[in-house]
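Per-entry structural report
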Amino acid sequence: MTTFTNNLLAFGRLLRRSGFEVPVGNVLDLTEALTLVNLTVRDEVFHACRTVLVRRHDQLAAFEKIFDAFWRQHGNPFAAPATNTARDAQAAAASVPVASAAMHDGELRDGEQEGGGEPPASGLQIWSDAAALARKDFAEFTPLEVAEARAFIDRLAWIPGERRTRRWVRGRGPRVDLRRALSRSLRTGGDVLVIPTRRRRVRLRPLVLLCDVSGSMERYSRMLLHFAHRVGHLHGRLEVFLFSTTLTRVTRQLRIRRLDAAAAAVSEAVPDWSGGTRIGPALQQFHRRWSRRVLHEGPVVLLISDGWDRGDPGVLRDEVARLQRSCHRLIWLNPLIGTVDYAPLTRGLQAALPFVDDFLPARTLADFRELALHLSTVASAARPGRGRRGVRNQPDRQT
Amino acid sequence: VLSENLAAGGGVASISDLEQRLTERRYVADRGLAVSLFLALRLKRPLFLEGEAGVGKTSLASAVAEAIGADLIRLQCYEGLDVTHAVYEWDYARQLLELRILEATEGLERASARRELYSDAFLIKRPLLQAIDPARTRPAVLLIDEIDRADEEFEGYLLELLAEFQITIPELGTVRAKEPPLVILTSNRTREVHDALKRRCLYQWIEYPSFAKEVEIVRARVPQAAAQLARQVTALVQELRSVELYKVPGVSETLDWVAALATLDRRALDIQAVEETIGVVLKAKEDIDALRGERLASLLERAMAR
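Not measured: the values here are computed from a predicted model.

**What to know about the overall build of chain B**
The helix and strand tally for chain B stands at 16 helices and 9 strands. Each principal axis of the C-alpha atoms in chain B carries an extent, and together these give about 80 × 45 × 40 Å. Looking at chain B as a whole, 53% of its 306 residues qualify as buried. Excluding contacts between residues fewer than 6 apart, the proportion of contacts in chain B whose partners are at least 24 apart in sequence is 75%. For chain B, the exposed area adds up to about 13,200 Å²; of that, 49% sits on carbon and sulfur atoms. Considering chain B, the positive charge centre built from 40 side chains and the negative charge centre built from 49 side chains are found 4 Å apart.

**Considerations on the overall build of chain A**
For chain A, the helix and strand inventory stands at 18 helices and 8 strands. Out of the 399 residues belonging to chain A, those deemed buried represent 48%. Taking the intrachain contacts of chain A between residues at least 6 apart in sequence as the baseline, contacts between residues at least 24 apart amount to 75%. Carbon and sulfur atoms make up 52% of the accessible area of chain A, which amounts to about 19,100 Å² in all.

**Digging into the interface of chain A and chain B**
In this assembly, 45 residues from chain A lie in contact with 52 residues from chain B. For the pairing of chain A and chain B, the buried interface totals around 4,500 Å² over both sides, and the portion due to carbon and sulfur atoms is 49%. The tally of links from chain A across to chain B stands at 14 salt bridges. For the pair chain A and chain B, the interface holds 19 residue pairs in polar contact (both at pLDDT 80 or more).

**What about a positive patch on the surface?**
A contiguous patch of positive charge on the surface is contributed by Arg170, Arg184 and Arg187 of chain A together with Arg114 of chain B. Mapped onto the fold, arginine 187 of chain A is located in helix α9 (residues 178-187). What makes arginine 187 of chain A exposed here is its relative accessible area of 57%.

**Describing the packing of helix α11 (residues 211-221) of chain B against helix α12 (residues 227-241) of chain B**
Residue and element names in this part refer to chain B. Between α11 and α12, whose axes approach to 9 Å, the crossing angle comes to 130°. When the axes of α11 and α12 are compared, the pair comes out oblique. Between α11 and α12 lies a crossing of right-handed hand. Of the residues in α12, those in contact with Phe211, Glu214, Val215, Val218 and Arg219 of α11 are Ala227, Ala230, Arg231, Thr234, Ala235, Val237, Gln238 and Arg241. Taken together, the residues of the contact of α11 with α12 break down into 7 nonpolar, 2 polar and 4 charged.

**A closer look at a nonpolar patch on the surface**
On the surface, a nonpolar cluster with roughly 340 Å² of combined accessible area is contributed by Val176, Leu178, Val192 and Ile195 of chain A. Inspection of the secondary structure assignment puts isoleucine 195 of chain A in the loop between α9 and β2 (197-204).

**So, the pattern of salt bridges**
By the definition in use, this model includes 49 salt bridges over all chains. For glutamate 155 of chain B, the salt bridge identified is with arginine 191 of chain B, shortest N-O distance 2.7 Å. Of the two residues, glutamate 155 of chain B is situated in helix α9 (residues 152-164) and arginine 191 of chain B in the loop between β8 (182-187) and α10 (195-199); the sequence distance between them amounts to 36 residues. Summarising the burial analysis for this pair, glutamate 155 of chain B and arginine 191 of chain B share the class buried. The network of salt bridges with common partners includes Arg163, Arg203, Arg237 and Glu297 of chain A together with Glu79 and Glu152 of chain B.

**What about the sheet that holds strand β4 (residues 238-243) of chain A?**
Residue and element names in this part refer to chain A. Taken together, the 6 strands give an open sheet; going across it, the order is β5-β4-β3-β6-β7-β8, and neighbouring strands pair in mixed fashion. On the outer flanks of this sheet lie β5 (247-249) and β8 (358-361), each paired with one strand and no other. In this sheet, adjacent strand axes meet at a mean angle of 20° when their direction is disregarded. Note that strand β6 (residues 300-304) and strand β7 (residues 329-334) share 5 bridges and pair parallel. When the sheet's bridge partners are listed, valine 300 is paired in β7 with arginine 329. Across the sheet, helix α17 (residues 365-378) touches β6, β7 and β8, and the angle it forms with β7 is around 170°.

**Looking at the nonpolar core**
In terms of nonpolar packing, the biggest core is built from 101 residues, with Phe11 and Phe63 of chain A together with Leu22, Leu128, Ile147, Phe154 and Leu185 of chain B touching the most fellow members. Among the elements that take part in this core, helix α3 (residues 31-43) of chain B stands out by supplying 9 residues, more than any other. Apart from residues no more than four positions distant in its own chain, phenylalanine 63 of chain A is found in contact with Phe11, Leu15, Phe20, Phe46, Cys49, Arg50, Leu53 and Val54 of chain A. Core analysis: the next-biggest nonpolar cluster, separate from the first, contains 40 residues, Tyr220, Leu225, Ala228 and Leu242 of chain A among them.

**Remarks on the packing of aromatic side chains**
Taken as a whole, this structure holds 18 aromatic pairs over all chains when the rule is applied. Centroid distance phenylalanine 241 of chain A to phenylalanine 286 of chain A: 5.1 Å. Interplanar angle 80°. Geometry classified as edge-to-face. Separated by 45 residues along the polypeptide, phenylalanine 241 of chain A in strand β4 and phenylalanine 286 of chain A in helix α13 (residues 279-289) bring together distant segments of the chain. By relative accessible area, phenylalanine 241 of chain A is classed as buried at 0%. Connected via pairs of aromatic rings, a cluster forms that spans Phe4, Phe11, Phe20, Phe46, Phe63, Phe67, Phe70, Trp71 and Phe78 of chain A. When the ring centre of tryptophan 71 of chain A is taken as origin, the NZ or CZ atom of arginine 42 of chain A, which lies over that ring, is 5.9 Å away. Directly above the aromatic system of phenylalanine 211 of chain B lies the positively charged group of arginine 306 of chain B, at a separation of 4.5 Å from the ring centroid.

**Quick word on helix α12 (residues 259-269) of chain A**
When we look at burial in α12 of chain A, the residues that qualify are Ala262, Ala265 and Val266 of chain A. Within α12 of chain A, the buried residues cover an arc of 100° as seen down the axis, which keeps them to one side.

**Remarks on the sheet that holds β8 of chain B**
Residue and element names in this part refer to chain B. Within the open sheet, the 5 strands sit side by side as β2-β5-β8-β1-β9. Their pairing is parallel. The open sheet terminates on both sides in strands that have one partner only, identified here as β2 (71-76) and β9 (202-206). Averaged over all pairs of adjacent strands, the angle between their axes in this sheet comes to 20°, without regard to strand direction. Two strands pair when backbone bridges link them, and strand β5 (residues 140-145) and β8 are joined in this way by 4 bridges, in the parallel orientation. Within β8, the residue paired with isoleucine 144 across the bridge is leucine 185.

**Concerning the confidence of the model for chain B**
Predicted coordinates in areas of low pLDDT are best not read in detail. Confidence in the prediction for chain B averages 89 pLDDT; 95% of positions are at 70 or higher. Overall fold confidence for the complex sits at a pTM of 0.73, while the interface term, ipTM, reaches 0.71.

Calculation notes
- Residues numbered from 1 in each chain as written.
- Chains lettered and ligands numbered in written order.
- Predicted model: local features only at pLDDT ≥ 70, side-chain atom pairs only at ≥ 80, totals over all residues.
- Heavy atoms only, no water.
- Helix = DSSP H or I, 4+ residues; strand = E, 2+ residues; numbered from the N terminus.
- Buried < 20%, exposed > 50% of the residue type's maximum accessible area, 1.4 Å probe, protein only.
- Contact = heavy atoms within 4.5 Å.
- Areas by Shrake-Rupley, 256 points an atom, 1.4 Å probe, with all protein chains shown as cover.
- Lys, Arg positive; Asp, Glu negative; His and termini not counted.
- Charge placed at Lys NZ, Arg CZ, Asp CG, Glu CD.
- Buried area = accessible area lost by both parts, 1.4 Å probe.
- Salt bridge = Lys/Arg side-chain N within 4 Å of Asp/Glu carboxyl O.
- Polar contact = N/O pair within 3.5 Å; in protein donor to acceptor, adjacent residues only side chain to side chain.
- Patch = residues over 30% accessible without salt bridge, like charges linked within 9 Å, V, L, I, M, F, W, Y side chains within 5 Å.
- Axes fitted to C-alpha atoms, helices over the stretch in contact; angles between N-to-C directions.
- Parallel < 35°, antiparallel > 145°, perpendicular 65-115°, else oblique.
- Left-handed = near helix turned anticlockwise from the far one by under 90°.
- Nonpolar A, V, L, I, M, F, W, Y, C, P; charged D, E, K, R; others polar.
- Pairing = 2+ DSSP bridges.
- Core = buried A, V, L, I, M, F, W, Y, C linked by side-chain atoms within 4.5 Å.
- Phe/Tyr/Trp six-rings, centres within 6.5 Å; stacked < 30°, edge-to-face > 60°.
- Lys NZ or Arg CZ within 6 Å of the ring centre and 35° of its normal.
- Arc of directions from axis to C-beta.
- pLDDT = per-residue confidence, 0-100.

Okay, here's the thing in structure tokens:
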């Protein structure tokens, strides 16, 4: 083999080891691409490699580091004969933790597909066995009880309803399927006997979980993490964000199947665990960075927080109002509801509550069961004024 | 001529040649983008462009179509986009009419009726079919815009098309491109596009341009504006991008803003002009409310010092 090929393969291996997915086909493409650029100009080689091998924006920085290291070690590896073996470059690549973490994540995610979550049976049967546990405050759970609680969450059905998409498929529905009508009419000599129709396809609504992990929520955050992990595996279309003073997306971390590994990845990702609470600014961050990506399919949003917000109540109100406008249903879960003497009196909470569709407790397993039931009932009852069906079901609104 | 033209990558001799041609069409591309585009032409691979809104993903397609003397065929994606809007549709009304005529004149014979009803004459060609139509006389650039808005079903369909550059119409047969078009896909990343699709493409992330580059773009695109105005507006937009906003202004906003101010006969920027036309560049009420007044004035001051 030539030095060129050797170096090319070494570069591919190096990238794979750093967490990039490099199919053989791509290496072949790169071979061809490199014949088309000037191999003595670093810039051209770099851009050619990058456009063929990188497929995600978050890989760009890692790729540049690896390419840099490789180029430096080999002194223009694709033009001049190589002076060093690829092994030297590996040490350099070890300093790219981002990419290797991504690989770790990816591998585990592949494994999670098989086995999956069993379709949850009704949560009601085990109800009587666990009556005591069901009403116990999460904050007082022992590790054994946490495990039982996980099994309990598994048995609930997490179905936040369906959304009619804009895709039309065959089936009983309002639209005439002209194509099928015509091809059938040919069989019957030009007459249309049955009019075939089309209907809108429905998809499971996504769930978005925004979870407060500030200091005041510390006693609950462990259980809520379990909750997010289980529901994520059962539902499949769950996005999870944790916030304290800043907001972090942990959807990828929670997809890791083993709980302890997932929890480790999450705690590594969140910079300000148990810090202060600034719900308003955290939501603002959510709107700016993430809402376009996670709110466009009309999800049900669960906001879990005790509402102890030290920020400006006006900001909190505006952000919650914006959140409600951009999702199908906004449910605020509060672990303090149900504790003795609790009333939602903080100024921020007072300001935000008018924009929340449901304000529910989340302190015990009984609350989770209620939540699961609630989700399956809100599925059919859309917010008033949303879509034709909602209007049709309420004749008094049509005047 | 057609096959020679595309076989040689639209007659583009080198990366610099391509850059030159794009500049002539008033599109300022950075080196990475030029390399990707050049390779896409030569390797006949689709080019997948990602980047924030308004960095020139869509306008690249029209510039490159002009630069290589090709037709631009554009498909705007949306949720529920299906074969009848993306690929082809039969003209049912005319088919039904034809069926009645056939019946009335010569009596209906099943085999021949089928042949006549499902012929080219009744086929409405949508963008994807147009792009691979073997009857084309000019090369094509196929722009599949905002693929992230389409749903997964459409992505799956596209995967098949981009692999073979052929489309099977059950009633008619298989249509295959004589010369595959240059395909450019864009995405605003409102969702992650499936990896299998990306794997078939060359990938390019378009950044917001640097100050100097953006001034260059503004000068090329809005030549009627004063040089000073172009520099000042660009500097202010660059400042705005460093502030936390709901909707970050893109290059297209810079261009609109410069054009708007030039239309108002402004030759330089001042706070009054900014306040009057802020809606051209900031498009969320919250952003305007947050910046109006002192913050905007201090941003302007920093921009003017540049």
